[in-house]
Amino acid sequence: MSTTPEILFSRTDDALGTFSVRPLDPFADAELLHGWVTHPKAAFWMMQDSSLPDVEREYMRIAAAEHHDAFIGLHDGEPAFLMERYDPSELELVGLYDAEPGDVGMHFLVAPTDTPRSGFTRAVITTVMAALFDDAATRRVVVEPDVRNKAVHALNEAVGFVPEREVEKPEKTALLSFCTRAQFESATGIFAEVSI
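Enquirer: Would you mind going over the nonpolar core in detail, with residue names and values included?
Expert: Generally speaking, soluble globular proteins have nonpolar side chains that are buried together. Core analysis: the biggest nonpolar cluster contains 29 residues, and Met106, Phe108, Val128, Met129 and Phe161 have the highest contact counts within it. In this structure Met106 touches Glu84, Tyr86, Ile125, Val128, Met129, Leu132, Val141, Val142, Val143 and Phe161, once residues within four positions along its chain are discounted. Core analysis: the next-biggest nonpolar cluster, separate from the first, contains 16 residues, Leu24, Trp45, Ile62 and Ala111 among them.

Here it is in structure tokens:
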């Protein structure tokens, strides 16, 4: 039996190499994730004070959830980012907007590094969006980042998101934004091919 995790999606960035996505293993990946989500640069992830068991429990909860999935993103085969996909009509945004069929919620977190590379985070969000749109059922991606997270607003805009309005969530004031497949393709020049 192979212990190599299944690659669910992969794309090549001409400047930065291969980006891919695999399922997250809450047990095997907990230590890696703990270092990422508690890093000072991950303040908007809101897990700064989490212990290793806290992180393991959170991703076990997500793994068991019907409307929430988590993935590890790889860069040239090495773990480099976290991706979450959820149904916004069931989680996070229930009652805060009128969900439409084909809406998919998304969170992403780039691993901290001592050697940042120009364009890397944009390549990560482009990969995340291309992976989401790889599913024919995805018609629109919905995000709700903290209104204070100006860096992620700029990244979202770069891949086609259009802000709609602020919404009040229990943990933050969020900027509700949407991106259709056509908006993503127009903003990035990447045709989001659909797997059949």
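Here the narrative resumes.
Enquirer: Could you give an account of the pairing of strand β8 (residues 172–180), naming the residues involved and the relevant values?
Expert: Most of β8 sits inside the fold, with seven of its nine residues counted as buried. Sheet analysis places strand β6 (residues 140–143) next to β8, joined by four bridges and oriented antiparallel. Residue pairing for β8: Val141 is matched across the bridge by Cys179. Where strand β7 (residues 162–169) meets β8, seven bridges bridge the pair, whose relative direction is antiparallel. The residue bridging Lys169 from the neighbouring strand is Lys172, located in β8. The antiparallel hairpin formed by β7 and β8 contains two residues in its connecting segment.

Enquirer: I'd like a description of the pattern of salt bridges, backed by residues and values.
Expert: As enumerated under the stated definition, the model contains 13 salt bridges in all. The partner of Arg61 in a salt bridge is Glu58, and the shortest N-O contact between them spans 2.7 Å. Note that Arg61 and Glu58 are positioned in helix α2 (residues 52–64) at a spacing of three residues, about one turn of the helix. Here Asp69 makes a salt bridge to Arg85, at a shortest N to O gap of 2.8 Å.

Enquirer: Any details on the packing of helix α3 (residues 120–133) against helix α4 (residues 150–158)? Residues and values, ideally.
Expert: Running from N to C, α3 and α4 point in directions that differ by 55 degrees, and their axes come no closer than 10 Å. Taken together, the axis directions place α3 and α4 in an arrangement best described as oblique. In this structure, α3 crosses over α4, and the sense of that crossing is right-handed. Facing α3, whose interface residues are Thr121, Arg122 and Ile125, α4 presents Leu155, Asn156 and Ala158. Classifying every residue of the contact of α3 with α4 by side-chain character gives three nonpolar, two polar and one charged.

About the thresholds
Residues numbered from 1 in each chain as written. Predicted model: local features only at pLDDT ≥ 70, side-chain atom pairs only at ≥ 80, totals over all residues. Heavy atoms only, no water. Core = buried A, V, L, I, M, F, W, Y, C linked by side-chain atoms within 4.5 Å. Buried < 20%, exposed > 50% of the residue type's maximum accessible area, 1.4 Å probe, protein only. Contact = heavy atoms within 4.5 Å. Helix = DSSP H or I, 4+ residues; strand = E, 2+ residues; numbered from the N terminus. Pairing = 2+ DSSP bridges. Salt bridge = Lys/Arg side-chain N within 4 Å of Asp/Glu carboxyl O. Axes fitted to C-alpha atoms, helices over the stretch in contact; angles between N-to-C directions. Parallel < 35°, antiparallel > 145°, perpendicular 65-115°, else oblique. Left-handed = near helix turned anticlockwise from the far one by under 90°. Nonpolar A, V, L, I, M, F, W, Y, C, P; charged D, E, K, R; others polar.

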